[in-house]
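Each chain, letter by letter, is given below.
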Amino acid sequence: MAKSPHALKHNDCFAVFDEAGALQGLFHHDTRHLARLDLTIDGEPPGTTRTRPSEDNTLLLTALRHRQIALSRIRFVWQDCLHERLRLRNAGAAAHRVTLDLAFAADFADLFEVRGHDRARRGETLPASIAADHVVLAYRGLDGRMRTTRLAFDPPPLRLVESGARFELDLAPHTHRSLFVRIACECAPSPGGGRWRATARRKGDVEDGLLRSSSTSPFRPSGTFPLRGKEEFFDARRAARRRLRDALARATAVSCADPAIDAVVQRGIIDLYTLVSELPEGPYPHAGIPWFNTVFGRDGLIAALQTLWLDPGIARGVLGHLAATQAATSDPAADAEPGKILHEARQCEMAALGEVPFARYYGSVDATPLFVMLAGAYLRRTGDIDTLRRLWPNVQRALAWIESRGDGFVTYERQSERGLRNQGWKDSPDSVFHADGTLAEGAIALCEVQAYVYAAWRAAAAIARRLGEPDADRYEARAESLRRAFDTHFFDERLGTYVPALDGERRPCRVRASNAGHALFTGIAWPERAAAVVRGLMEQRSFSGWGIRTVAAGEARYDPGSYHNGSVWPHDNALIAAGFARYGFRREAALVSEAVFAAAAHFKRLRLPELFGGDARRDGQGPTPYPGACSPQAWAASAPLLLLHVAKGNQADERP
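Attention in this report is confined to the structure presented alongside it. Note that the coordinates shown come from a computational prediction; the quantities given were computed from them, not determined experimentally.

**Things to note about the overall build of the protein chain**
Then, number 1: Regarding its fold elements, the protein chain presents 16 helices and 27 strands.
Then, number 2: Taken over C-alpha atoms, the radius of gyration comes to 26 Å for the protein chain, in line with the 26 Å a tight globule of 656 residues would show.
Then, number 3: Principal-axis analysis of the C-alpha atoms gives the protein chain an extent of 80 × 60 × 45 Å.
Then, number 4: Looking at the protein chain as a whole, 61% of its 656 residues are labelled buried.
Then, number 5: Expressed as a percentage of contacts within the protein chain between residues at least 6 apart in sequence, the contacts between residues at least 24 apart total 66%.
Then, number 6: Taking the average location of the 85 positive side-chain charges in the protein chain and that of its 78 negative ones, the two points are 4 Å from each other.

This is the structure:
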């Protein structure tokens with residue numbers, strides 16, 4: 001899929017558009033339900049005069065022109081549907097008969113297919129079902145699930161076939177007509193139920209082999225058929241904007257005296273709530289668009305940590321959902337072990353069939369300690385004893401998993417060849433390496449993971465004391481024991497910083513990398529080590545001027561255009577800046593903050609992407625974009641919020 005500068009989203013449904021506003025894909029539950037929706041007037045594509053999203057991210061507004069005909073399009077996503085109003089106005093002095101064609105196609109491609117995965121077999125594309133005012137495109141997957149795309153029109157088109165709709169409109173001078181389109185995505189539960197069966201299907205839910213909406217089905221589309229045109233469009237539009245307004249009302253009100261900083265912060269807040277989906281356990285920020293519009297454990301936990309001061313309800317939702325999906329049994333294919341916290345969940349066909357291992361995948365080594373860490377931070381921020389009492393069994397299971405790793409460090413090693421080779425946040429296959437560039441092998445212990453585990457033990461001790469549970473002293477002892485061992489094995493006197501990892505033979509990866517900053521964020525670093533760590537991260541080879549690089553320039557695998565080996569990630573920098581401030585290095589924290597905010601000013605709509613290139617900052621040039629970076633992305637959107645909080649002298653879990 002080409003670069004997609006515009007995106008609309010609600011829960012598990014999102015649409016991406018190119019610069020001119022042309023649809024590149026409508027996705028639902030990780031499946032592309034509509035691959036194209038092309039518009040022509042009198043047989044020609046109109047010229048685009050402007051495409052822009054509304055400030056609150058809920059609408060995409062496009063203005064087009066074809067000779068004397070001006071066309072405006074308003075589109076938004078709500079309740080598994082893409083809604084659109086097309087408004088045609090005759091700007092000329094003579095009457096005009098307009099022929100408007102909408103050409104569409106649904107390929108029901110799995111998101112992993114769109115990302116480049118090949119498939120030997122696919123399911124069955126079914127014949128279209130066509131009525132006067134709507135058409136249903138359908139696909140029966142190899143997983144047995146029926147996926148449908150239903151396009152409804154008001155007024156009904158003059159001609160409707162499985163690949164397009166034609167309208168003929170008579171426009172007097174200086175008059176206008178409106179057309180309304182609703183594109184509903186539906187996905188039936190699998191025939192066997194299993195983990196997909198959210199609600200039992202009743203007799204009458206299926207009509208002509210296609211899923212029909214019912215009042216109890218979680219897969220129902222918004223609205224009814226036939227389309228109720230203007231009334232339904234504006235009802236759904238109000239609901240979409242009200243949902244965002246209500247979410248923002250939960251959050252702490254934020255304003256900055258510096259208008260440049262304020263603009264970046266407000267953009268981050270809007271983007272964060274755009275990505276939040278309402279799950280049964282509460283709000284959960286999906287990781288990012290277009291590739292990661294789903295639950296990721298690590299991403300949700302870090303985004304919740306970064307915004308805990310702003311809206312602790314997000315943390316409560318994240319904790320609740322990850323507790324509900326915590327692994328109960330071992331499953332090597334999913335890297336699952338009892339007590340582990342979810343890494344990623346997918347609802348697409350390839351995941352259901354096991355063609356990719358991500359239906360429920362637990363291959364992250366850091367999500368489990370981050371879960372405990374967030375639980376403690378949430379309690380400190382809110383004093384919500386009742387929620388922590390409900391979560392305490394899940395916290396204990398997470399701690400049991402941490403303890404099951406042995407008395408040393410928490411390590412990872414994938415259990416299946418199809419799983420992720422590296423299971424920290426830098427999860428590229430080549431992101432953990434030795435000084436000579438050779439990849440680390442065996443059970444790998446990451447610097448930041450030990451830091452999170454240290455914080456998890458301390459959080460568990462604080463929670464236990466508040467709940468009147470035993471073992472608080474034992475948890476504190478585990479934290480201090482880990483702190484001593486961490487300093488012995490991870491601090492490298494020659495480098496003057498913490499190494500990013502130990503390989504399976506406990507050999508240190510003597511590489512300068514941003515991982516060391518996370519040791520400051522959690523407090524595992526001895527105070528006497530902090531100055532050297534800060535100095536190393538702020539050297540020119542690590543600090544690009546736009547932020548701290550993931551890997552320092554000059555290291556064997558350094559590449560400023562890589563995903564993890566020299567690029568700059570906003571969330572990484574926010575956590576590091578918080579670590580600097582924790583140890584009293586407020587000037588350096590301010591320099592990192594200034595760099596990230598300055599970088600944001602160069603991106604469209606002041607939106608920080610998932611990452612950008614690590615090239616050095618130069619006058620008159622902005623940061624180098626990373627092709628394919630998610631934008632918006634949850635922990636990038638929330639990074640400025642943590643930076644702002646830290647600038648005010650606060651830690652992540654303190655009240656504003």
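The discussion continues.
**Here we look at the nonpolar core**
Side chains that are nonpolar tend, in soluble globular proteins, to be buried together.
Then, number 1: Core analysis: the biggest nonpolar cluster contains 138 residues, and Tyr 273, Leu 310, Phe 371, Val 372, Phe 490, Tyr 498 and Phe 580 have the highest contact counts within it.
Then, number 2: For Leu 310, the contacting residues outside a window of four places in its chain are Arg 250, Ala 251, Thr 252, Val 254, Ile 269, Leu 272, Tyr 273 and Leu 641.

**Quick notes on the side chain of Arg 119**
Then, number 1: Counting through the fold element by element, Arg 119 comes out in the loop between α1 (111–114) and β12 (124–130).
Then, number 2: Of the polar contacts made by the side chain of Arg 119, one reaches the side chain of Glu 349; its length is 3.2 Å.
Then, number 3: In this structure the side chain of Arg 119 is engaged in a polar contact, spanning 2.9 Å, whose partner is the side chain of Glu 355.

**A look at the sheet that holds strand β7 (residues 60–66)**
Then, number 1: Strand order in the open sheet made by the eight strands is β6-β7-β8-β9-β17-β14-β13-β12, with antiparallel pairing throughout. Two strands bound the open sheet, and with one partner strand each, they are β6 (47–53) and β12. Each adjacent strand pair in this sheet contributes to an overall mean axis angle of 15°, direction not counted.
Then, number 2: Relative to strand β9 (residues 81–90), strand β8 (residues 69–78) runs antiparallel, the two being bridged by ten bridges. Looking at β9, one finds that Phe 76 is bridged to His 83.
Then, number 3: Against the sheet, helix α2 (residues 229–250) makes contact with β8, β9, β14 (146–154) and β17 (176–187), and its axis sits at roughly 55° relative to β8, the strand it touches most.

**Observations regarding the pattern of salt bridges**
Then, number 1: Tallying each qualifying case throughout the model produces 45 salt bridges.
Then, number 2: Measuring nitrogen to oxygen at the nearest pair gives 2.7 Å for the salt bridge that ties Asp 38 to Arg 36.
Then, number 3: Linking Asp 56 and Arg 241 is a salt bridge whose minimum nitrogen-to-oxygen distance equals 3.0 Å. With Asp 56 in the loop between β6 and β7 and Arg 241 in helix α2, the pair connects residues that are 185 residues apart, well separated along the chain.
Then, number 4: Classification of Arg 241 as partly exposed rests on a relative accessible area of 27%.

**What about the sheet that holds strand β16 (residues 164–171)?**
Then, number 1: Read from one edge to the other, the open sheet built from four strands follows the order β5-β10-β16-β15, with strand pairing classed as antiparallel. Edge strands, defined here as strands with exactly one partner in the open sheet, are β5 (36–41) and β15 (159–161). Adjacent strand axes in the sheet meet at a mean angle of 15°, parallel and antiparallel pairs treated alike.
Then, number 2: Across eight bridges, the pairing between strand β10 (residues 96–105) and β16 is antiparallel. Bridge assignment links Thr 99 to a residue of β16, and that residue is Glu 168.

**Re the packing of aromatic side chains**
Then, number 1: By the definition in use, this model includes 21 aromatic pairs.
Then, number 2: For the ring pair Phe 486 and Phe 490, a centre distance of 4.8 Å and an interplane angle of 25° mean the geometry is stacked. Residue Phe 486 and its partner Phe 490 are located together in helix α10 (residues 472–490), separated by four residues, close to a single helical turn.
Then, number 3: These aromatic residues form a ring-pair network of at least three members: Phe 409, Phe 486, Phe 490, Phe 491 and Tyr 498.
Then, number 4: Between Arg 529 and the ring centre of Phe 491, over which it is positioned, the NZ or CZ distance is 4.0 Å.
Then, number 5: Seen from the ring of Trp 546, Arg 617 lies directly overhead, with NZ or CZ sitting 4.5 Å from the centre.

**Quick word on the pairing of β8**
Then, number 1: Within β8, nine of the ten residues are buried, leaving the element largely enclosed by the surrounding structure.
Then, number 2: Both β7 and β8 contribute to a ladder of seven bridges, which runs antiparallel. Each bridged residue has a counterpart across the sheet, and for Leu 60 the counterpart in β8 is Arg 75.
Then, number 3: Hairpin remark: β7 followed by β8, antiparallel, with two residues in the connecting loop; positive phi at Arg 67, about 55°.

**Looking at helix α4 (residues 297–306)**
Then, number 1: Burial runs high along α4: ten of the ten residues are buried.
Then, number 2: Turning to α4, its buried residues number three or more, namely Gly 297, Arg 298, Asp 299, Gly 300, Leu 301, Ile 302, Ala 303, Ala 304, Leu 305 and Gln 306.
Then, number 3: At its buried positions, α4 is contacted by β21 (282–285), α5 (312–324), α7 (367–382), α13 (570–582), α15 (634–637) and α16 (639–647).

**Digging into unusual backbone geometry**
Note on backbone geometry: most residues besides glycine have negative phi, and most peptide bonds are trans.
Then, number 1: Geometrically, the link from Asp 154 to Pro 155 is a cis peptide bond, its omega value of 5° lying close to zero.
Then, number 2: With respect to the secondary-structure elements, Pro 155 resides in the loop between β14 and β15.
Then, number 3: In this structure, the amide linkage connecting Ile 289 to the following residue, Pro 290, adopts the cis form with an omega of 10°.
Then, number 4: By the secondary structure assignment, Pro 290 is in the loop between β21 and α4.
Then, number 5: Of note in this structure, Arg 605 is not a glycine but carries a positive phi near 60°.
Then, number 6: Mapping Arg 605 onto the fold places it in the loop between α14 (586–600) and α15.
Then, number 7: Classification of Arg 605 by relative accessible area gives partly exposed; the value is 22%.

Conventions adopted
Residues numbered from 1 in each chain as written. Predicted model: local features only at pLDDT ≥ 70, side-chain atom pairs only at ≥ 80, totals over all residues. Heavy atoms only, no water. Helix = DSSP H or I, 4+ residues; strand = E, 2+ residues; numbered from the N terminus. Rg over C-alpha atoms; globule rule 2.2 N^0.38 Å. Buried < 20%, exposed > 50% of the residue type's maximum accessible area, 1.4 Å probe, protein only. Contact = heavy atoms within 4.5 Å. Lys, Arg positive; Asp, Glu negative; His and termini not counted. Charge placed at Lys NZ, Arg CZ, Asp CG, Glu CD. Core = buried A, V, L, I, M, F, W, Y, C linked by side-chain atoms within 4.5 Å. Polar contact = N/O pair within 3.5 Å; in protein donor to acceptor, adjacent residues only side chain to side chain. Pairing = 2+ DSSP bridges. Axes fitted to C-alpha atoms, helices over the stretch in contact; angles between N-to-C directions. Salt bridge = Lys/Arg side-chain N within 4 Å of Asp/Glu carboxyl O. Phe/Tyr/Trp six-rings, centres within 6.5 Å; stacked < 30°, edge-to-face > 60°. Lys NZ or Arg CZ within 6 Å of the ring centre and 35° of its normal.

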